[in-house]
Amino acid sequence: MNREELGNFMTVSTRPDTFVAKSNGHHDDERNSQMEPRVGLEFDSSEEAQEFYSTYATRMGFKIRIGQLYRSRVDGSVISRRYVCSKEGFQTTTRTGCSAFIRVQKVDSGKWVLANIKKEHNHEFETSGEICPPMIQRKNFPTPRPSAGGASRTGIRSHEDDGPSGVIDVKRLKKEEIDGICGPIGEPYKGLEFNTANEAYKFYYTYAANTGFRIRIGQLFRSKLDGSITSRRFVCSKEGHQHPSRVGCGAYMRIQRQESGRWLVDRLHKEHSHEFDTPIDLSRTVTVASKGYGDEGISVLENLDLVESNGGLSLVKRIRESNIGSDWYSMLLEYFQSRQVEDIGFFYAVEMRESKGMNIFWADARSRFSCTQFGDAVVFDTTYRRESYLVPFASFVGVNHHRQPVLLGCALIADESEESFTWIFRTWIRAMSGCRPVSIIADQDRAIQHSIAQVFPGTHHRFSAWQILEKEHENLGTLRSMNAEFKYEYETCIFQSQTANEFDSAWNVLMNKYNLKENAWLKEMYRMRKSWVPLHVKGTFFAGIPVDGSLKSYFSTHLTAQTSLGEFVFRYEKAVEQRREEEKKEDFNSFNLQAVLHTKDPIEAQCRRLYSMTMFKVFQRELLECYSYVGIKINVEGAISRYLVQKCGNGDERNTVAFNTSNLNISCSCKMFEFEGVLCRHSLKVFQIMNIRELPSCYILHRWSKNAKYGILRDIDSGGGSQDFKPLMIWSLREEARNYIEAGAASLERYKLAFEIMQEGRRNLCWQN
């Protein structure tokens, strides 16, 4: 049976996953015998056999799918194919394990012969000729073209080795064609092929809209060799649990790029865990705006933007909608108002957009006061993004004088757009009376990068370590795990480079040696090296937060991905209470306990008197280590002397220290003081050589002292008047007064003394202008 003969009496309608056809109504009785499948029937191609079986299936009242294929062990070409009943298997509830099929085999002449057949079905047939998918009318068939090496002009085809089949070009469907179809534009199935990832997205979007659900762009995967995108996932909008409306639906379609440049559906899960919505009329509500996105050729619907998120791509609606459940707003506003009654310095703000609530920010007086002392190095913690939290909760966290995390504000993020992050950062500055951090650790996403650059123009943005490690594993995982030499050279380049030239040289050697010059991820990371490479980061104050790690999460186990609305406030307050109790214990230790001195150096005694217990131990370790180092003066330029300081017996560990004899300023190439705020062993060795018996006050930061949290509002550079700080001053005085009253009420004698001191203090205040 040839194509011309078959085309004279049938109109074919193709639908991915199922193939159905209907008779034109001419000569049906005469053709019935020819339409019966039988062993020995010949076809010009496997597609012709598929179309023949599809037509037969429609006449009988069932549908078919493409089944297993078999390849030659000699050249890998397809030599046999099975076409099965759509109810074969048990992967979905609609399948019954039907075993009906035909198998065609390629013979030496190049034709395809029907070799095996089973006609018996284990289910009832549907109404003969029922058709719902869109139709492509054809009177004859084009000459098949080989698929290897050439890309078809059409947008979608079944994955055949012998030529394209079942083609539907979504981009070329006119409005009249969309209006005329009575069902989805086609169902996805494994093996479905597209010209571009954009066509695959539009196809799945249209299928979802007609079915009654929505989709999002999910995870992507990149090549370990050149960083190009090799695979994409499109997921149901209800996937995950980040928002109360999401139910963890597992439906998705994954496409994979082939060597030809086309994209193939290689994984598919159709089952949803929720009810479908009313299908959307795309002909009236949706238009497509082709807008390029980088080199990926991604274009999106005109009311959506495709933005980078955690190294991947996410859809963000131009008409912004909140990912925060409406019930969260009412619950939190009630909580905020009750807190303001108790706490005069409590601050909160809600962004309103077209009379709808968006982002939420809040900070109590304690957090605002802490920012005046510990707001120089800030971590913008967005743990919720990588752990699928029910609520998009983020926090601003600093490092206190005991090296503990200290809360500097909280936020619920409505969406991950640049506008949201910009509003949150600006609101944080307003709540903190204009305080801007020296440094901030936050995610690498472009939306966050742009917002930080706009709101904190002088702040050094350092990328989150977890995100770098995640992307490093994704892009270099195989190479690092399988090549120990590369791993060693890569880590040496990053962590051991002492100068910019040394790093650049080692980096270029790596790129050339391992053929990584075209790796897109590595090129981008090199461009952004000042935001993650230790050499470039250590020149900025980060309160000693390790470059290969991060500050411990403030809320740790208290707020988890499963924390619900009803538990949120309770767990939040419990975490804050616990952290502040831990801080209070360290305050007590610093004032009431004394660390043991290990030397007779007066500098050690000086620092024990000033530093908190934790920070003194950090300093003491450096002081003790400096005794195992030697310093050699290498040159003198005016008042500045330079020393080469190295460890005894280890010539590889050496640093250069510059000392100014006129003002006692000192700096070391290791940058420990700049990064951590504590003098390093190399600088202390030079102070010993120069017989400096007391550290200059500029090298003992007030933020590390035991009195840091009790100091007055200091180190604030703001154009505002004292009224800007009045709530914080009131809170600070109340906190101090509370402690004073507790101490004064311990006995009658203490009470009398405390009362006299208060009266004297009030008289002194009255004399002030």
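Since the model is a prediction, treat every value here as computed from it, not as a measurement. (Residues numbered from 1 in each chain as written. Predicted model: local features only at pLDDT ≥ 70, side-chain atom pairs only at ≥ 80, totals over all residues. Heavy atoms only, no water.)

Q: Explain the overall build of the chain here, please?
A: Of the regular secondary structure elements, the chain holds 23 helices and 28 strands. Looking at the chain residue by residue over its 769 residues, the buried ones come to 49%. Considering only contacts in the chain between residues 6 or more positions apart, those separated by 24 or more positions represent 58%. Counting every atom, the chain has about 37,900 Å² of accessible surface; 50% of that belongs to carbon and sulfur. (Helix = DSSP H or I, 4+ residues; strand = E, 2+ residues; numbered from the N terminus. Buried < 20%, exposed > 50% of the residue type's maximum accessible area, 1.4 Å probe, protein only. Contact = heavy atoms within 4.5 Å. Areas by Shrake-Rupley, 256 points an atom, 1.4 Å probe, with all protein chains shown as cover.)

Q: It is not clear to me how the sheet that holds strand β23 (residues 439-442) should be interpreted in this structure. Could you clarify?
A: Sheet strands associate in pairs through backbone hydrogen bonding, adopting either a parallel or an antiparallel arrangement. Pairing within the open sheet is mixed, and its seven strands lie in the order β18-β19-β22-β21-β20-β23-β24. A single partner strand is all that each edge strand has here, and the edge strands are β18 (347-353) and β24 (460-463). With strand direction ignored, the average angle separating the axes of adjacent strands in the sheet is 20 degrees. Pairing geometry for strand β21 (residues 393-399) and strand β22 (residues 405-412), over seven bridges, is antiparallel. Pairing of F393 across the sheet is with L412, part of β22. Helix α8 (residues 365-374) contacts β18, β19 (356-363), β20 (377-381), β21 and β22 of the sheet and is inclined by roughly 125 degrees relative to β22. (Pairing = 2+ DSSP bridges. Axes fitted to C-alpha atoms, helices over the stretch in contact; angles between N-to-C directions.)

Q: Could you clarify how one ought to interpret the nonpolar core in this entry?
A: One recurring pattern in soluble globular proteins: nonpolar side chains tend to sit buried together. If you look at the biggest cluster of nonpolar residues, it comprises 68 residues, and the most contacted ones within it are W362, F393, L412, F555, F619 and L695. Looking at this core, the element that brings in the most residues is helix α19 (residues 613-626), giving seven residues. With near-sequence residues (within four places) excluded, F619 lies in contact with I603, E604, C607, Y611, V678, L684 and L695. Judged by nonpolar contacts, the second largest core, of 32 residues, contains A363, I413, A431 and A442. (Core = buried A, V, L, I, M, F, W, Y, C linked by side-chain atoms within 4.5 Å.)

Q: Honestly, helix α5 (residues 197-211) in this entry has me stumped. Any pointers?
A: In an α-helix there are 3.6 residues to a turn, and that puts residues three or four apart on one side. Its 15 residues give α5 an end-to-end C-alpha distance of 21 Å, which sits within 8% of 21 Å, the value for a rise of 1.5 Å per residue. A large share of α5 lies buried, amounting to 13 of its 15 residues. G212 occupies a position one or two residues after α5 and carries a positive phi of about 115 degrees. (Expected span 1.5 Å × (residues − 1).)

Q: Whenever I open this one, the packing of helix α12 (residues 465-482) against helix α15 (residues 520-527) confuses me. Can you help?
A: Following both chains from N to C, one finds α12 and α15 inclined at 145 degrees, their axes separated by 10 Å at the closest point. In this structure, α12 uses I468, K471, E472, N475 and L476 to contact α15, whose residues at the interface are W521, L522 and M525. Class assignment of the residues belonging to the contact of α12 with α15 gives a composition of five nonpolar, one polar and two charged. (Nonpolar A, V, L, I, M, F, W, Y, C, P; charged D, E, K, R; others polar.)

Q: Mind showing me how you'd approach the sheet that holds strand β26 (residues 640-647) here?
A: Taking strand neighbours across the sheet as the criterion, the four strands line up as β25-β26-β27-β28 in an open arrangement whose pairing is antiparallel. Among the strands making up the open sheet, the edge pair consists of β25 (629-637) and β28 (666-668). Each neighbouring strand pair of the sheet contributes to a mean axis angle of 25 degrees, computed without reference to strand direction. Strands in contact with helix α21 (residues 681-689) are β25, β26, β27 (650-660) and β28; relative to β27, the strand with the most contacts, it is inclined by about 60 degrees.

Q: Explanation requested: the confidence of the model for the chain in the structure shown.
A: For the chain, per-residue confidence averages 78 on the pLDDT scale, and 76% of positions sit at 70 or higher. Here residues 2-31 is a poorly scored stretch, pLDDT under 50, and it has 83 contacts once near neighbours within four places are set aside; other chains count. Ignoring residues within four places in sequence, the model shows residues 128-184, a span with pLDDT below 50, making 129 contacts including any to other chains. (pLDDT = per-residue confidence, 0-100.)

Q: Which parts of the structure should I look at to understand α21?
A: The buried fraction of α21 is high, at seven of nine residues. Along α21, the residues that are buried comprise R681, H682, S683, L684, K685, V686 and F687. Among the structural elements, α19, β25, β26, β27 and β28 are those in contact with the buried residues of α21. Just downstream of α21 lies N691, where phi reads positive at about 60 degrees.

Q: Looking at this model, I keep getting lost on the pattern of salt bridges. Mind explaining?
A: Where charged atoms from two side chains of opposite charge approach closely, those side chains can pair. Per the counting criterion, the structure on display carries 26 salt bridges. The closest approach of N and O atoms between E583 and R366, which form a salt bridge, is 3.7 Å. With E583 in helix α17 (residues 565-592) and R366 in helix α8, this pair connects stretches of sequence that are 217 residues apart. The exposure class of E583 is buried, given its relative accessible area of 5%. Across the pair R529 and D504 runs a salt bridge, and its minimum N-O distance is 4.0 Å. Here R529 is found in the loop between α15 and α16 (534-537), whereas its partner D504 is found in helix α14 (residues 500-513), with 25 residues between them in sequence. Per residue, the accessibility class of R529 equals that of D504, and both read buried. (Salt bridge = Lys/Arg side-chain N within 4 Å of Asp/Glu carboxyl O.)

Q: I would appreciate a short explanation of the pairing of strand β5 (residues 78-85) in the present structure.
A: Along a regular strand, successive side chains alternate from one face of the sheet to the other. Here β5 lies mainly inside the structure; six of its eight residues are buried. As paired elements, strand β4 (residues 64-71) and β5 share six bridges and run antiparallel to each other. Paired with Y70 across the bridge in β5 is S80. Two strands pair when backbone bridges link them, and β5 and strand β6 (residues 101-106) are joined in this way by five bridges, in the antiparallel orientation.

Q: What's the story with the environment of I79 in this structure? I'm lost.
A: Assignment of secondary structure puts I79 in strand β5. The exposure class assigned to I79 is partly exposed, which follows from its relative accessible area of 33%. For the pair I79 and S46, spaced 33 residues apart in the sequence, the C-alpha separation amounts to 9.6 Å.

Q: Please explain the side chain of R579 as it appears in this structure.
A: Within the secondary structure layout, R579 lies in helix α17. Residue R579 is classed as buried on the basis of its relative accessible area, which comes to 10%.

Q: I keep staring at the environment of R608 and nothing clicks. Help me out?
A: Looking at where R608 falls in the secondary structure, it is placed in helix α18 (residues 602-610). We classify R608 as partly exposed; its relative accessible area is 23%. Along the chain, R608 and Q594 lie 14 residues apart, while their C-alpha atoms are 7.7 Å from each other.

Q: Just to check I follow, could you spell out the pairing of β19 for this structure?
A: Of all eight residues making up β19, six are buried, and the element is well covered by its neighbours. The pairing of β18 with β19 spans six bridges and is antiparallel. The residue bridging V350 from the neighbouring strand is I360, located in β19. Hairpin connection, β18 to β19: the antiparallel pair is bridged by two residues, and E354 has positive phi, about 55 degrees. The pairing of β19 with β22 spans three bridges and is classified as antiparallel. Of the residues in β22, the one forming a bridge with I360 is L412.

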